[in-house]
Amino acid sequence: MQKKTFVTAFKGTAIYAVIGGLWILFSDKAVNTLFDDTATINLMQTYKGWFYVLVTAFLLFVLLKRAIQDTEKLLTLDPVTQLPRHYQFTRLLDQQLSKLPVDKALILIYLDINRFSQLNQEFGHQAGDRVLQKITSQLWEYFHSSSLMGRLGSDQFGLAVTIDNDRDIIDNLPELVFRQLHNASEAINIPFKVSMGVAIAPTDGKQSKSLLSAASIALHNAKSRGEEQYSFFSRELSEIAQHRQNIINELKKPELFEHFHSVYQPQLSILEQNVVGVEVLLRWTHPKLGFVPPDQFIPIAEDIGLMPDITRWVITNAQKELTEAGLIPDRLNRISINISAKELNIEDQVKNLQQIFQEYEAFAKICQLEITETTAIYDIKTSQKFIQSLKELGLRFSIDDFGTGFTSLSNLKNLPVDELKIDRSFIDKIETESNSQIIVKSIVDLANNFGISSVAEGVENNNQLKFLQDCGCKEAQGYHFAKPMGIEDLKAFVKS
Ligand code: C2E
Ligand code: CA
Ligand code: CA
C-alpha cells in the first residue's frame, strides 16, 4: 500500500517536472522567436512567469481539495456501506438529540451481527460485504425519513429513530427491525442473525455518549442471552455493567493471583466408594469485592483474553499443592482440570498447554482436561485438533456438562475423549422427571458403547446414587460425598 502511494506520487511529480521543463524550454524559445526587442522580451518573460505561477497554483488547489475531500470521506464515511462512521455518527446523533421535540422519543438501536467473522470465513468476504450493504439498504428504505444510521464497528451498526413517545410503538420497534432483517437475509440468500441493544432518549441519556453507552450495555446483555435477542437498557443493567467493569479492573491487576486458591472435589467409584479422582475448581476471594464465583468471573476473563494465564496458574498450583501434600502420583491418579470455552479458539493455547505439560511430564499423564459439550461440538474440527495435539502428551479428555449440547453420534465418534460427565441438571431431576432418567440412562449406555467412562456430577443424595448405579454408571461427584475442599481437607479425605 505504501509502495503504491509512493509510486503514484512519484509519477505525478515526474509528469509535473517534465511538463514544467518543456514549458520553460519551449516558451523561452517562442518568446525569442516572436519578439526582437529586449524590452518586450523581458515583459513577456514576466507575464510568462505570472502565468506559470497561476496555472500551478490552480493545479495545486485542485489536487489539495481532492485529497482533503477523499481523506474526510474516508474518515467520516464507511466505504462499504457509505454510512457515517462512529465519530461522525455521534456528531450527527448529538445534532438530532439537541432538536428532539418534547412529544417525541429517539430510540437508539445498537445492532450487532452474530458470528460475523465466521460468516466471512464460511461465505467469503464479498458475502460479508453484501450482508453489511443489505442491512444498510433495508433499514434505510424502511426508516428513511425519521432515522440516522451509522456503522459503528466491523459488525456493528447504530440506528437512531425518532418516533412518538408511545411505549407500545417503542416496544414493537426491535421486532420490526428483526423482521426487516429476516427479509434482507432471505433476499440475498445469506443466513445472518443480529442482536440488539436499545436505549431511549431522553430517559436513558440526553447526549450521544451516554445514549450509546446505555445501548451498548443493553446489547451486551442481549448477546449474553444468545443469538437474535434484544434488550432494552435499564438501571439494573447499568449496575450489572458497573459490577462487570469492576471485575475487569480487578482481573487486570498484577496481584490477581495472590487472591486465587484452588479447591478439590473428589470423584468416587459408586460401587467401592473410594476416591478415583478429583476436579480442581478455582476460587477468587477479592479483598474488596469478596468472594466472586467462578461462573461470574470466568466468562469475563475469557472476554478479556486472560484464560491462558489463569489456566496456567490452575495447573501449576494444583501440581505444586498435590505434590507437596503427597497425594500424587500414588494416592490420586486422575486430576480433572477445566478448560474454558474460548481457550480452544486461542491460537497459541495448544502450544501454551503443551509447554506447561512438557514441564510437568508426570503430571500430564494423570491429568484430564474438561471441555464443556457446547464448546466441544461448536467447532468440531478445532476441538479435534486441540484434543489430538494434547493427547500425545498423555493427557486425557472429558466432555463436561454432557447432555446439554446435542452431540450427535458421529460427532462423538470424531472426538477422541475418555469420559462423559453427565450434566448436573439431569441428576437434579432424576428422582422426579422421567425425561431426565431417560437421558441419564442413554448417556451411560452411550459411554459404555464407546468404551469410555461416565461420571455423574452434582449427586446430592442416596436415591440419585441408587438410580445411577442401576443405570450402570460407575463414578460420581457431588455434595453427597464431598463438597469442593482445600488441599489440607483433601489430604485428610483421601487418606481416611
Ligand atoms: P463445572 O465444571 O460444571 O463445575 C462443577 C460445579 O458444580 C462446581 O461449581 C461445583 O462446586 C458444583 N457442584 C459440585 N457438586 C455439586 C452438588 O452436589 N450440588 C451442587 N448444587 N453443585 C455442585 P463451581 O466451583 O462454582 O464452578 C462453577 C463453574 O466454574 C464450573 O462448572 C466451571 O465451568 C467453572 N470453573 C471453576 N473452576 C474453573 C477453572 O479452574 N477453570 C475454568 N476454565 N473454569 C472453572
Ligand atoms: Ca468441570
Ligand atoms: Ca459440569
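Keep in mind the model is a prediction, meaning the values are calculated, not measured.

About the cut-offs
- Each chain has its residues counted from 1, following the order in which its sequence is written.
- The naming scheme follows written order: chains are lettered A onward, ligands numbered 1 onward.
- Only residues with pLDDT of at least 70 get local features here, since the model is predicted, and only at 80 or more are side-chain atom pairs given and counted; chain-wide, interface and lining totals rely on the full set of residues.
- Each side-chain value is derived from all of the structure's non-hydrogen atoms; neither hydrogens nor water enter the calculation.
- Numbered from the N terminus, helices here are DSSP runs of H or I no shorter than four residues, and strands are runs of E no shorter than two.
- Here the globule rule is a power law, 2.2 Å times the number of residues to the power 0.38, and the radius of gyration is based on C-alpha atoms.
- Throughout, exposure labels follow a simple rule: accessible area from a 1.4 Å probe, protein chains only, divided by the maximum for the residue type, with under 20% read as buried, over 50% as exposed, and the rest as partly exposed.
- Only heavy atoms enter the contact rule, under which two residues are in contact if any of them lie within 4.5 Å.
- Accessibility throughout is a Shrake-Rupley quantity obtained with a 1.4 Å probe, and a residue counts as covered only by protein chains that appear here.
- Here a polar contact is taken to be a pair of N or O atoms separated by no more than 3.5 Å, where protein atoms must pair a possible hydrogen donor with a possible acceptor and residues adjacent in sequence count only if both atoms sit in side chains.
- Here, any two strands with at least 2 DSSP bridges between them count as paired.
- What makes a salt bridge here is a side-chain nitrogen of Lys or Arg within 4 Å of a carboxyl oxygen of Asp or Glu, nothing more.
- For Na, K and Ca the donor cutoff is 3.2 Å, while for all other metals N, O and S atoms must lie within 2.8 Å; water is not among the atoms, so some sites may look incomplete.
- Residues are labelled near a given molecule or strand when at least one of their non-hydrogen atoms is within 4 Å of it.
- For a crossover, the right-handed case is the one in which the path from the first strand over the helix to the second runs clockwise, viewed with the strands pointing away from the viewer.
- Residue ranges for the domains originate in an automatic or database domain assignment.
- Buried residues of nine kinds, namely Ala, Val, Leu, Ile, Met, Phe, Trp, Tyr and Cys, make up a nonpolar core once their side-chain atoms join them within 4.5 Å.
- Where helices are involved, their axes are fitted lines through C-alpha atoms of the stretch in contact, as for all axes, and angles between N-to-C directions lie from 0 to 180°.
- A helix is expected to span 1.5 Å for every residue after the first.
- Here the bend at a residue is taken as the angle between two axes, fitted respectively to the seven residues that end there and the seven that start there.

Caption draft 1: Layout of the overall build of the protein chain. Assigned secondary structure in the protein chain consists of 19 helices and 14 strands. Its C-alpha atoms give the protein chain a radius of gyration of 33 Å, clearly above 23 Å, the size a compact globule of 496 residues would have. Projected onto its principal axes, the C-alpha positions of the protein chain cover 125 × 60 × 50 Å. Counting every position in the protein chain, which comprises 496 residues, the buried fraction comes to 44%. Sequence separation of at least 24 residues holds for 68% of the intrachain contacts in the protein chain that already meet a minimum separation of 6. Accessible surface, the protein chain: about 27000 Å² in total, of which carbon and sulfur atoms supply 55%.

Caption draft 2: Summary view of the side chain of Arg151. Its place among the elements puts Arg151 in strand β2 (residues 147-153). For Arg151, a relative accessible area of 13% corresponds to the buried category. A polar contact is formed between the side chain of Arg151 and the side chain of Asp78, at a distance of 3.1 Å. Contacts of Arg151, omitting those with residues within four sequence positions, involve Asp78, Val80, Thr81, Leu83, Pro84, Arg85, His86, Leu132, Gln156 and Phe157.

Caption draft 3: Representation of the pairing of strand β11 (residues 396-402) within the structure. With 5 of 7 residues buried, β11 is to be regarded as a mostly interior element. Note: strand β10 (residues 367-372) against β11, 5 bridges, orientation parallel. If you follow Thr372 over to β11, its bridge partner there is Asp400. Relative to strand β12 (residues 419-422), β11 runs parallel, the two being bridged by 3 bridges. Pairing of Phe402 across the sheet is with Ile422, part of β12.

Caption draft 4: Region of interest: the pattern of salt bridges. Enumeration over the complete set of coordinates arrives at 19 salt bridges. Its salt-bridge partner being Lys391, residue Asp418 comes within 3.2 Å of it at the nearest N-O pair. Of this pair, Asp418 sits in the loop between α15 (409-414) and β12 while Lys391 is found in helix α14 (residues 380-391), placing the two residues 27 residues apart along the sequence. Its relative accessible area of 27% is what places Lys391 among the partly exposed residues.

Caption draft 5: Just the coordination of the calcium ion (ligand 3), in detail. Only Asp400 (OD), Asp401 (OD), Glu457 (OE) and Glu457 (OE) from the protein coordinate the calcium ion (ligand 3), and they sit 2.2 to 2.8 Å from it. Donor residues for the calcium ion (ligand 3), ordered by position in the chain, follow D-D-x55-E.

Caption draft 6: Geometry of the site of ligand 1. Taken together, 23 residues are adjacent to ligand 1, and Gln265, Arg283, Arg424, Glu460 and Tyr479 come closest. At 3.3 Å from an oxygen atom of ligand 1 is found a side-chain nitrogen or oxygen belonging to Glu279. Contact distances for ligand 1 include 3.5 Å between a nitrogen atom and a backbone N or O atom of Ser340. Here ligand 1 has 800 Å² of accessible area as a free molecule, and 85% of this is covered by the chains. Element by element, the count of residues in the shell around ligand 1 is highest for strand β7 (residues 275-286), at 4 residues.

Caption draft 7: The arrangement of the pairing of β12 in detail. Residues Glu419 and Lys421 point to one face of β12 and Leu420 and Ile422 to the other, with burial holding for every one of them. With respect to chirality, the unit in which β11 leads through α15 into the neighbouring parallel β12 is right-handed. As defined by bridge partners, β12 adjoins strand β13 (residues 453-457) across 4 bridges and the pair is classed as parallel. Following the sheet pairing, Ile422 is matched in β13 by Ala456.

Caption draft 8: Fine view of the coordination of the calcium ion (ligand 2). The calcium ion (ligand 2) binds to the protein through Glu279 (OE), Asn338 (OD1), Glu370 (OE) and Asp400 (OD), with metal-donor distances spanning 2.1 to 2.3 Å. Linear spacing of the donor residues for the calcium ion (ligand 2) on their chain is E-x58-N-x31-E-x29-D. A distance of 4.1 Å spans the gap from the calcium ion (ligand 2) to the calcium ion (ligand 3), which Asp400 bridges by coordinating each metal. Highlighted residues: Glu279 in strand β7 and Asp400 in strand β11, separated in sequence by 121 residues.

Caption draft 9: Representation of the domain arrangement of the protein chain. Once the domains are mapped, the protein chain shows domain 1 (2-76), domain 2 (86-233) and domain 3 (253-495). In this structure, domain 2 and domain 3 have C-alpha centres spaced 40 Å apart.

Caption draft 10: The nonpolar core, seen in detail. The biggest cluster of nonpolar side chains holds 82 residues, and the ones touching the most others in it are Leu322, Leu332, Ile335, Phe357, Phe363, Leu420 and Leu490. In this structure Leu322 touches Tyr264, Leu327, Ile328, Leu332, Ile335, Phe363, Ile487 and Leu490, once residues within four positions along its chain are discounted. Among the nonpolar cores identified, the runner-up in size contains 34 residues, and Ile107, Leu139, Val177 and Ile190 belong to it.

Caption draft 11: Here's a closer look at the sheet that holds strand β1 (residues 104-113). Across the sheet, 5 strands lie side by side as β2-β3-β1-β4-β5; this open sheet has mixed pairing. Single-partner strands in this sheet number two, and they are β2 and β5 (230-232). When strand polarity is set aside, the average angle formed by the axes of neighbouring strands in this sheet is 20°. Across 8 bridges, the pairing between β1 and strand β4 (residues 194-201) is antiparallel. Each bridged residue has a counterpart across the sheet, and for Ile107 the counterpart in β4 is Ile200.

Caption draft 12: Highlighting the environment of Thr81. Structurally, Thr81 can be placed in the loop between α2 (38-76) and α3 (86-98). Residues Thr81 and Met149, 68 residues apart in the sequence, show an inter-C-alpha distance of 10 Å. Among residues more than four places away in sequence, those in contact with Thr81 are Leu132, Gln133, Thr136, Arg151 and Phe157. For Thr81, the side chain forms a polar contact with the side chain of Asp78, separated by 2.5 Å.

Caption draft 13: Region of the structure containing helix α6 (residues 167-188). Taking 1.5 Å per residue as the helical rise, α6 with its 22 residues ought to reach 32 Å, and the 33 Å between its terminal C-alpha atoms agrees with that figure. By the largest-angle criterion, Leu173 marks the main kink of α6, which is about 35°, and a proline, Pro174, follows within four residues. Those residues of α6 that are buried lie in contact with β1, α5 (125-143), β3 (156-164), β4 and β5. Between the side-chain oxygen of the N-cap and the backbone nitrogen of Asp168 there are 2.8 Å, and the N-cap of α6 in question is Asp166. Where α6 ends, the next residue or the one after it, Asn189, has phi of about 60°, a positive value.

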